[in-house]
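Survey of secondary and tertiary structure
Residue-level listing of the chains:
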Amino acid sequence: MIDSFLLIGLPYAAIFIFLIGSILRYRFYGYSVTSHSSQFLESDMLFWGSRLFHLGIVMLFLGHLIGFLMPGIIISLTSSTSGLIMVEVMALAFGVLTFVGLVFLIIRRIIVKRLYSVTSKMDIVVYLVILFQVVTGLMVAYYNRWGSVWFASALVPYLRSIFIFAPDISVISSMSLLVKLHAISAFVLVGLIPFTRLMHFLVWPVYYLWRNYQLDIWNRDQKAMRASKNTREGVKPVNN
Amino acid sequence: MDIRSQIAMVFHLDKCIGCHTCSIACKNIWTDRKGAEYMWWNNVETKPGTGYPTKWEDQKIYKGGWVKNGDKLELRVAGKPTGLTKLYHNPDMPVMDDYYEPWTYDYDHLFEAPAGTDQPTARTISLVTGDPIDVKGGPNWDDDLSGTPDYGRNDINFNNVSAEDQEAIFQLERMTMHYLPRICNHCLNPACVAACPSGAVYKRGEDGVVLISQEKCRAWRLCVTACPYKKSYYNWTSGKSEKCLLCYPRLETGQAPACMHSCVGRIRYLGVLLYDADKIKEYASCPENQIIDRQLDIYLNPFSDKVIKEAKKNGIADSTIEAAQKSPVYKFVKEWKIALPLHAEFRTMPSLFYVPPMLPVMGKMTNGLYDSTTENLWGKIEESRLPMQYLANLFSAGKPDKIKEVMKKLMTVRYHRRKVTVNDIDDSLIDEAFNSTGLTADVADTIYRLTSLVKYDERFVIPAAHREEAIEMIESTDDRKGSAGFGEKLGTRRVF
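In this report, we go over the structure that sits alongside the text. (Residues numbered from 1 in each chain as written. Chains lettered and ligands numbered in written order. Predicted model: local features only at pLDDT ≥ 70, side-chain atom pairs only at ≥ 80, totals over all residues.)

Let us look at the overall build of chain B. The helix and strand inventory of chain B stands at 21 helices and 14 strands. Counting all 496 residues of chain B, 48% fall into the buried class. Long-range contacts, defined as pairs at least 24 residues apart, comprise 68% of the intrachain contacts of chain B with a sequence gap of at least 6. (Helix = DSSP H or I, 4+ residues; strand = E, 2+ residues; numbered from the N terminus. Buried ≥ 20, exposed ≤ 12 C-beta atoms within 10 Å, placed from the backbone. Contact = placed C-beta atoms within 7 Å.)

Set out below in structure tokens:
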């Protein structure tokens, strides 16, 4: 009963909240969507904290994503001993990077007093949940070894069943508590996104790669209007 | 040709008395808020000195502006795509300690201190942590300290000044200083716009004011690094960057920006310059020794029929063209060529120009006397207390010839006015001065008049924002035509 609540109810609630919440937050409180960088107040420790943490977490996220979307790749990679060890070592290395970075960030928050004035309650919640997530992840890697092998057969069907609206928790129910906790806290994290600064990864500025360096915005672009066949302006410029 | 209009400025440094009224006017209107206390969109520095933030001109530290790499112009910090790797931590970004930690005073203590034998004091309290702090710096901490080792000697503009000249300037009798008021330069080739990954920083088409959309800013902070003048500031509370907006709400209603309006020395001029946007790329990436000339070449003659025709074709209003013709900035920069941009070598093509300070220009001391004769026309310039190379590093991308030309013109105006008012200078000397600078008595009188006599309306020639089109600044009236009338947001279409 508790399993089906935490492994079926919670995921759907989290995903629903994430989807609707993010859209509403961006649409109506878009102003508040920022990375809230605190580098201006403290830069040296952030270098180690932020760089390590972000590198680790992005690689781990991509690793999980590949494992979920293309389990075939991981299975074929891990079929040889050397491939298996390579994948496991890489995953563990990025896990440790994330953990070290996160510890840096948390210690920095505690010992740098300037940061108190910019630390919100939700920031603390985010720190705790991510810390729990990373620690359980590392523990799974240690106690339930060769995750890259069993992830495809044990967890991918569960995750897929969630996304095709036919939840099936038969396999994951028999997994160890650590794995369940790791999965549950992941969904909690997803549900937290609209209410925290985690929103910033949704606005990662990929558009920068192909836009022009210079950006001019007219309140009313007479030239464009004259050139246009449509006498109406069409798309209005977006500014403040 | 893609003619655009740019609101440009001239600051006449000989007239600046370093009173900071401009800074206070700006602070009171725009940055007296939490997270913005440390920002001085307008600040006044003492030169020689290290400025605010400390050593902002040293791009080896801060990596601001553009740099020429082969034929290409690149952001010094990191353009596309490497800029995106700096989002997580940007090692070149100035931090609070490079500016100063904002503080207030514990005034309550003066009233609430228990009775005792000592006078109670109001201690300095950090506005960030709320703890008592020892103040170690402020926005004008180096005020008038241009002879000191900490400030004057650390001025990066002395780097290529000969050691002899450097020693000389720090001798007590020869010390010199001038003030350098700075605001955002509203550049034609802004590095902050180019560096913003979110596309939040933009240049307003109508008047060239560079603004940051607070809605779109995501605190990636690259504009702070990219601006070589360090005029984009990070608000540590709101998590958004902010900058000088040239008081655009005032501009739109025909008023001068607050810093300019309040200027006690009346050193500031503001007006329209027309320029060719198609040329920006070519001119900004010109060879090193042409930078200063190319920047001045981009501005067009608003009296030329061709320019007027092209400008109208581009939708520039008649009133703006008229303002460009009356622009005091055009006179200083293009007609008389006595105003130069600050650090043009950053290649951002700034729209703020400075008439370099002439005083103290007294010649070298001999036997305890200053050379104040007129026997040698330009001797005072060649032998001036402040090395020409220093001024050239500030205002003419390191070319002393350019600065000397300007100095000679300024001197000529003074010789001429002395001739008119005191009449103790030979005609031949005045003629020689006019001949070698290309000025005439009429022009010298006009320069004198615009420098010292003119009132508000001639110092600030601001084109109307056209009140009849004011609503179009917000939305297109045509979109509302046939709906529920202006001012109503809801259309007349039935929903149910």
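There is more to say after this.
Further remarks concern the overall build of chain A. Along chain A, the regular secondary structure elements total nine helices and one strand. The order of α-helices and β-strands along chain A, N terminus first, is α-α-α-α-α-α-α-α-β-α. Its C-alpha atoms put chain A at 65 × 45 × 40 Å along the principal axes.

To continue, consider the interface of chain A and chain B. At the interface, 45 residues of chain A touch 45 residues of chain B. Counting only elements with at least two residues in the side of chain A that touches chain B, the list comes to α2 (44–69), β1 (216–217) and α9 (222–227) of chain A. When residues of the side of chain A that touches chain B are assigned to their parent elements, the largest contribution, five residues, is made by α2 of chain A. Among the residues making up the side of chain A that touches chain B, the classes are represented as 17 nonpolar, 16 polar and twelve charged. Alignment of β1 of chain A against strand β8 (residues 201–204) of chain B, held across two bridges, turns out to be parallel. When the bridges of β8 of chain B are listed, Ile217 of chain A appears paired with Arg204 of chain B. (Nonpolar A, V, L, I, M, F, W, Y, C, P; charged D, E, K, R; others polar. Pairing = 2+ DSSP bridges.)

What follows covers the sheet that holds β8 of chain B. Taken in spatial order, the three strands of this open sheet run β1(A)-β8(B)-β9(B), and their pairing is mixed. Every other strand in the sheet has two partners, leaving β1 of chain A together with β9 (210–212) of chain B as the edge strands with one partner each.

To continue, consider unusual backbone geometry. The phi torsion of most residues other than glycine is negative, and most of the peptide bonds are trans. Residues and elements named next belong to chain B. Looking along the chain, the bond that leaves Lys47 and enters Pro48 is cis, with omega of 0°. Along the chain, Tyr52 connects to Pro53 via a cis peptide bond; the corresponding omega equals -10°. Relative to the assigned elements, Pro53 resides in the loop between β2 (43–47) and α2 (59–62). Backbone geometry places His186, a non-glycine residue, at a positive phi of 45°. Tracing the chain through its elements places His186 in the loop between β7 (178–182) and α6 (191–195). A positive phi angle, near 55°, is found at Lys230, a position not held by glycine. Relative to the helices and strands, Lys230 resides in the loop between α7 (222–226) and β10 (232–235).

It is worth spelling out the pairing of β8 of chain B at this point. All names here are of chain B. What you see with β8 is no split at all: Val201 and Lys203 on one side and Tyr202 and Arg204 on the other are buried throughout. Bridging between β8 and β9 involves three bridges; their strand directions are antiparallel. For Lys203, the partnering residue across the bridge sits in β9 and is Val210. In sequence, β8 turns back onto β9 through a hairpin of five residues, with Gly208 there showing a positive phi of about 75°.

Attention now goes to the sheet that holds strand β13 (residues 340–341) of chain B. Residue and element names in this part refer to chain B. Strand order in this open sheet of four strands is β12-β1-β14-β13, and the pairing throughout is mixed. With partners counted over all chains shown, the strands left at the sheet margins are β12 (268–276) and β13, one partner each. One ladder, built from two bridges, connects β13 with strand β14 (residues 352–355); its direction is antiparallel. The residue bridging Pro341 from the neighbouring strand is Phe353, located in β14. Most of the contacts of helix α13 (residues 318–326) go to β12, to which it runs at about 115°, and overall it touches β1 (3–12) and β12. (Axes fitted to C-alpha atoms, helices over the stretch in contact; angles between N-to-C directions.)

A few words now on the environment of Asp445 of chain B. Tracing the backbone shows Asp445 of chain B in helix α19 (residues 441–452). Since 15 C-beta atoms lie within 10 Å of it, Asp445 of chain B is described here as partly exposed.

Looking now at the packing of helix α5 (residues 121–143) of chain A against helix α8 (residues 177–192) of chain A. Residue and element names in this part refer to chain A. Running from amino to carboxyl end, α5 crosses α8 at an angle of 150°, the nearest separation of the two axes being 9 Å. Classified by the interaxial angle, the pair formed by α5 and α8 is roughly antiparallel. Viewed along their axes, α5 and α8 form a crossing whose handedness is left-handed. Between α5 and α8, the residues in contact are Val125, Val126, Val129, Ile130, Phe132, Gln133, Thr136, Gly137, Met139, Val140 and Tyr143 and Leu178, Val179, Leu181, His182, Ser185, Ala186, Val188, Leu189 and Leu192, respectively. (Parallel < 35°, antiparallel > 145°, perpendicular 65-115°, else oblique. Left-handed = near helix turned anticlockwise from the far one by under 90°.)

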